[in-house]
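Observations on the model geometry
Each chain, letter by letter, is given below.
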Amino acid sequence: YVVATPIGNLRDITLRALDVLAGVDVIAAEDTRTTRRLLEAHAIHARLVALHEHNERAATEKILFLLAAGKSVALVSDAGTPGISDPGAIAIARARKEGFRVVPIPGPNAAICALSAAGTSALRFLFHGFLPAKAGQRRRELEELKNLSSVLVFYEAPHRVVECVEDLAAVLGARRMITIAREITKLFEEIHTCTLGEAGKWLAEDANRRRGEFVLVVAEPEPVVSNLSDAGRRAVQVLASELPLKRAAELAAALTGESKKALYAHGLSLKRKED
């Protein structure tokens, strides 16, 4: 069982996850101390073994041995969903390869949590996880991402968040919007939206804003609108006031003969201005 656990508030756990954790023979945990606190909060007593980034291959062999012996195993990370910027992927892949059933138990995920609170209306997003720690590598990676027409979602550590935001602004452009989600579901949760150009100043204004676990949600780049006629612009604007933007662009293209993609991009830019 691949079990998602709370990213902060211990009550953010599903009833199904509690049933699984209480019923399995063994729980493989990224940090047994962290998991023990979660289990104690819900009066669950279970056998724990450690599986973290430094011992995952060896711990995987132990898990496979247990599964082969007919034992049930729950895999958990310190917070959120195992295998998503957390250990677990190796063990999961090996278990499936060996023919054992792998059952996902869905629940909290910091990236999705932050994205839901960012208020973005984008059609797609890219979860990137952690960027490289070194500035040169980080900027090179951002260069590859800057023209993607999707929201970008990053995780970042408190001691690197300022320099990371500075590089985001330098490479992606100071006008792009960012939502900084800090300590999600925890006591000092904070969610702030501003431009990338303003983000460094906001973080610098209060030392507390540079503490905790961060999810950075960067808006997609402004669409490049080709030369549209006034009739095309007007058509998509009127239609989008009554219809979903995708359908409005399709109808406007049929009426005017202009590019559906360009009409959609124009409608999206109008929507952003309204927001």
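Above this text is the structure in question.
Described below are features of the structure shown in this document. (Residues numbered from 1 in each chain as written. Predicted model: local features only at pLDDT ≥ 70, side-chain atom pairs only at ≥ 80, totals over all residues. Heavy atoms only, no water.)

1. Some remarks on the state of the cysteines
- Under the definition given, this model contains 0 disulfides.
- With no disulfide of its own, Cys164 lies 13 Å from the sulfur of Cys194, the closest cysteine sulfur.
- Owing to a relative accessible area of 6%, Cys194 belongs among the buried residues under this scheme. (Disulfide = S-S within 2.5 Å. Buried < 20%, exposed > 50% of the residue type's maximum accessible area, 1.4 Å probe, protein only.)

2. With respect to the pairing of strand 7 (residues 151–156)
- Counting buried positions over the 6 residues of strand 7 gives 6, a clear majority of the element.
- Taking every second residue as pointing to the same face, both faces of strand 7 are buried, with Val151, Val153 and Tyr155 on one and Leu152, Phe154 and Glu156 on the other.
- With 5 bridges joining them, strand 6 (residues 125–130) and strand 7 adopt parallel strand pairing. Looking at the pairing, Phe130 lines up with Tyr155 of strand 7.
- Crossover strand 6 to strand 7 through helix 6 (residues 135–145) is right-handed.
- Looking at chain direction, strand 7 and strand 10 (residues 214–218) are connected through 5 bridges and run antiparallel. Directly across from Phe154, in strand 10, lies its bridge partner Leu216. (Helix = DSSP H or I, 4+ residues; strand = E, 2+ residues; numbered from the N terminus. Pairing = 2+ DSSP bridges. Right-handed = clockwise from strand over helix to strand, strands pointing away.)

3. Digging into unusual backbone geometry
- At Ala43, a position not held by glycine, the phi torsion is positive, near 55°.
- In this structure, Ala43 sits in the loop between helix 2 (32–41) and strand 3 (47–50).
- Residues other than glycine seldom take positive phi values, yet Glu183 does so here, at roughly 55°.
- Position of Glu183 among the secondary structure elements: in the loop between strand 8 (177–182) and strand 9 (190–195).

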